[in-house]
Amino acid sequence: MSKLYFRYGAMNSGKSTNLLQVAHNYEERGMKVIIIKPMTDTKGGEMLVSRLGVSRKADYLVHKEDNIYDWVEKWMKANGELHCLLVDEVQFLKAYHIDQLFEIACRLDIPVICYGLRTDFRMEGFEGSARLLLMAHSIEELKTICKCGKKAMLNGRKINGKFVFEGDQVAIESVGSVEYEALCPKCYYRYREEAGK
């Protein structure tokens, strides 16, 4: 039986780069890979974009009403065997989407490797990530560092260059200049205190 994998990390920990490398490794061996991402992730449009400059078009953008299991079954009927399903920005999927990914791994015997954030800029969980932490066969942290040099575990949101600690969970380039920065807990709390929170 294949497995459902969750590879999580703070911002800029190389999640998209890792996903694209995995896709390359499969395809280099003549195997078929599908890359999907949620429509909620508007950054890059249909493209997966790595900070290293590597990009690739997603094969499928998941809408909140979509059934990923049904879509993969239809794809296989039209295209034949599928060797791996890769999911970028998985935190934006719904819990029922994660259950569908689990079903793909278990019933269709296709490895499903998901990449995403565990928590948002308020240290709150995402629906997709929370379900993955319960359902994934394998959970792996992709590590990065804070600008102070310590291990980054948290994500800071900056709007127009200033850290903010309130607001909607999803704000991808929607209000002002939105940026995210990986932070260690010590720096996160320091910036939060400086912001008066």
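First, a word on scope: everything that follows refers to the structure included in this document. Predicted model, so just to flag it, every value in this text is computed and none were measured. Here the residue numbering is sequential within each chain, running from 1 through the sequence in written order. Side-chain atom pairs in this predicted model are given and counted only at pLDDT of 80 or more, local residue features only at pLDDT of at least 70, and totals for whole chains, interfaces and linings cover all residues. Side-chain measures here rest on the full set of heavy atoms in the structure, leaving out hydrogens and waters.

## Some details on the packing of helix H2 (residues 68-79) against helix H3 (residues 95-107)
Spelled out, the test is: Only the contacting stretch of a helix is used when fitting its axis, a line to C-alpha atoms as for every element, and angles between N-to-C directions run 0 to 180 degrees. The helix count covers DSSP runs of H or I at least four residues long, the strand count covers runs of E at least two residues long, and both are numbered beginning at the N terminus. Working rule for angles: under 35 degrees goes down as roughly parallel, over 145 as roughly antiparallel, 65 to 115 as roughly perpendicular, anything else as oblique. In what follows, residue pairs with any heavy atoms lying within 4.5 Å of each other are defined as contacts. Note on residue classes: Ala, Val, Leu, Ile, Met, Phe, Trp, Tyr, Cys and Pro are nonpolar, Asp, Glu, Lys and Arg are charged, and everything else, Gly too, is polar.
At a minimum axis distance of 8 Å, the contact between H2 and H3 shows a crossing angle of 40°. Classified by the angle between their axes, H2 and H3 sit oblique to one another. Contacts between H2 and H3 involve Ile 68, Tyr 69 and Val 72 on the former and, on the latter, His 97, Gln 100, Leu 101, Glu 103, Ile 104 and Arg 107. Looking at the contact of H2 with H3 residue by residue, the classes come out as 5 nonpolar, 2 polar and 2 charged.

## A few points about empty space enclosed by the protein
Note the threshold: Using a grid of 1 Å spacing that covers the protein atoms alone, one calls a set of points a cavity when a 1.4 Å probe fits there but cannot get out, and a pocket when the set is open and has protein on both sides within 12 Å along at least five of seven lines; lining residues are those with an atom within 4 Å of a point. Grid points are joined across faces, edges and corners, and a volume is the space filled by probe spheres set on the points.
Scanning the model with the defined rule gives 2 cavities of 30 Å³ or more in all. In this structure, the largest cavity encloses a volume near 50 Å³. Forming the walls of the largest cavity are Tyr 8, Gly 9, Ala 10, Leu 117, Arg 118, Thr 119, Glu 141, Ala 152, Met 153 and Asn 155. Approximately 40 Å³ is the volume attributed to the second largest cavity. Examining the composition of the lining of the second largest cavity, we find that 3 residues originate from one element, strand E3 (residues 47-49), more than from any other.

## Regarding the pairing of strand E1 (residues 4-8)
Operational definition: For the exposure calls, accessible area comes from a 1.4 Å probe over protein chains only, and a residue counts as buried if that area is under 20% of its type's maximum, exposed if over 50%, partly exposed in between. Between any two strands, at least two bridges found by DSSP are needed for them to pair.
Most of E1 is tucked away: 4 of the 5 residues are buried. The pairing of E1 with strand E7 (residues 112-116) spans 5 bridges and is parallel. In the sheet register, Phe 6 faces E7, and the bridge partner there is Cys 114. As judged from the 4 bridges shared by E1 and strand E8 (residues 138-141), these two strands associate in the parallel manner. Each bridged residue has a counterpart across the sheet, and for Phe 6 the counterpart in E8 is Ile 139.

## Some details on the packing of H3 against helix H4 (residues 127-135)
To be explicit about the condition: Here is the rule for handedness: rotate from the far helix to the near one, and if that takes an anticlockwise turn smaller than a right angle the crossing is left-handed, while a clockwise turn gives right-handed.
With their axes 8 Å apart at the nearest point, H3 and H4 run at an angle of 40° to one another. By crossing handedness, the relation of H3 to H4 is classed as right-handed. From H3, Ala 95, Ile 98, Asp 99 and Phe 102 reach across to H4, where they touch Glu 127, Gly 128, Arg 131, Leu 132 and Met 135. The residue inventory of the contact of H3 with H4, partitioned by class, reads 5 nonpolar, 1 polar and 3 charged.

## So, the packing of aromatic side chains
Where we set the bar: We call Phe, Tyr and Trp rings a pair once their centres come within 6.5 Å, taking the six-membered ring for Trp, and we label the pair stacked below 30 degrees between planes, edge-to-face above 60, and tilted otherwise. For a Lys NZ or an Arg CZ to count as sitting over a ring, it must be within 6 Å of the ring centre and within 35 degrees of the ring normal.
Applying the stated rule across the entire model yields 7 aromatic pairs. Here the aromatic rings of Tyr 60 and Trp 71 are separated by 4.1 Å at their centres, their planes lie at 15°, and the arrangement is stacked. One end of the pair, Tyr 60, is in strand E5 (residues 60-62); the other, Trp 71, is in helix H2, and 11 residues separate them in sequence. We note Arg 7 situated over the ring of Tyr 5; from NZ or CZ to the ring centre the distance is 5.8 Å. Across from the ring centre of Phe 121, 3.7 Å away, lies the NZ or CZ of Arg 157, which sits over that ring.

## Points about the sheet that holds strand E11 (residues 178-183)
One open sheet holds the 3 strands; their spatial order is E10-E9-E11, and the pairing between them is antiparallel. On the outer flanks of this sheet lie strand E10 (162-164) and E11, each paired with one strand and no other. Strand-to-strand twist in this sheet, taken as the mean axis angle between neighbours without regard to direction, amounts to 45°. For strand E9 (residues 154-159) and E11, the ladder comprises 6 bridges, and the chain directions are antiparallel. Directly across from Ile 159, in E11, lies its bridge partner Val 178. Along the sheet face, helix H5 (residues 185-194) touches E9, E10 and E11 and points at about 135° away from the line of E11.

## Considering unusual backbone geometry
A negative phi holds for most residues other than glycine; trans holds for most peptide bonds. Of note in the backbone geometry, Asp 109 takes a positive phi value of approximately 60° without being a glycine. For Asp 109, the position within the fold is in the loop between H3 and E7. Overall, Asp 109 belongs to the partly exposed group, its relative accessible area being 45%. Positive phi, close to 55°, is recorded for Asn 160, a residue that is not glycine.

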